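# An overview of the molecular structure
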Amino acid sequence: MARAGLTADRVVAAAADLADEVGFENVSLSALARGFGVKDASLYSHVRNLQDLRTRVAFLAGGELIDRIAVAVEGRSGRDALGAFAGAYRAYALEHPGRYAATQIRIDQALVAASPALRRTAEITYGLLRAYGLEEPDLTDAVRLLRSTFHGYCALESTGGFGAPRDVRRSWERAVDALHVALTHWPREAADG
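Residues numbered from 1 in each chain as written. Predicted model: local features only at pLDDT ≥ 70, side-chain atom pairs only at ≥ 80, totals over all residues. Heavy atoms only, no water.

Backbone torsion omega between Glu-136 and Pro-137 reads 5 degrees, so that peptide bond is classified as cis. Tracing the chain through its elements places Pro-137 in the loop between α8 (116-130) and α9 (138-158). (Helix = DSSP H or I, 4+ residues; strand = E, 2+ residues; numbered from the N terminus.)

In structure tokens, the structure reads:
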């Protein structure tokens with residue numbers, strides 16, 4: 001029988017908090033059970049296994065991230081929207097390193113397609129890029145450029161990977177400026193190419 005008050009939502013939220021404390025890769029069902037003062041088996045009433053838990057944390061974090069981005073970009077366009085999107089992304093990644101790491105895991109595409117939060121992420125991201133006049137296949141390429149730039153920058157920043165004395169935030173702003181220029185002057189590819 002499940003311990004009173006223990007729900008799937010509480011288990012996932014606790015796992016997300018634990019991920020921010022110890023790193024996403026260090027979250028285990030045992031550590032989580034200890035935090036609740038229960039045996040590992042008690043958690044299996046709420047999550048199937050560690051992979052299920054990790055996927056649920058990824059969905060939780062993805063929803064939190066896109067909520068922040070949506071608020072930041074509302075009513076904005078062009079460089080202003082791109083800067084707001086990037087700023088919200090970076091702030092979340094730096095404030096919630098474990099949750100952010102969860103957003104980077106590979107998830108079964110059937111689960112992705114069924115997730116309202118991940119569909120919303122695609123809608124907002126593609127909406128931002130369509131404002132630059134992009135259509136497929138350029139949209140997919142531009143999404144990959146943004147994601148790899150934002151993720152790479154945040155990963156390096158969070159580990160102290162930028163050693164030069166220049167202010168990291170200023171370099172971030174310049175990177176966003178460069179992305180705006182790249183998106184504005186995107187080399188269009190024909191849809192059948």
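This brings us to the pattern of salt bridges. Under the criterion given, the structure shown has twelve salt bridges. The residue Asp-52 makes a salt bridge to Arg-56 at a minimum N-O spacing of 3.1 Å. Pair noted here: Asp-52 and Arg-56 are both in helix α4 (residues 50-73), with a separation of four residues, about one helical turn. The salt bridge partner of Arg-90 is Glu-157, with a shortest N-O separation of 2.7 Å. One end of the pair, Arg-90, is in helix α5 (residues 78-95); the other, Glu-157, is in helix α9, with 67 residues separating them in the sequence. Each of Asp-17, Asp-20, Glu-64 and Arg-99 takes part in one network of salt bridges that share partners. (Salt bridge = Lys/Arg side-chain N within 4 Å of Asp/Glu carboxyl O.)

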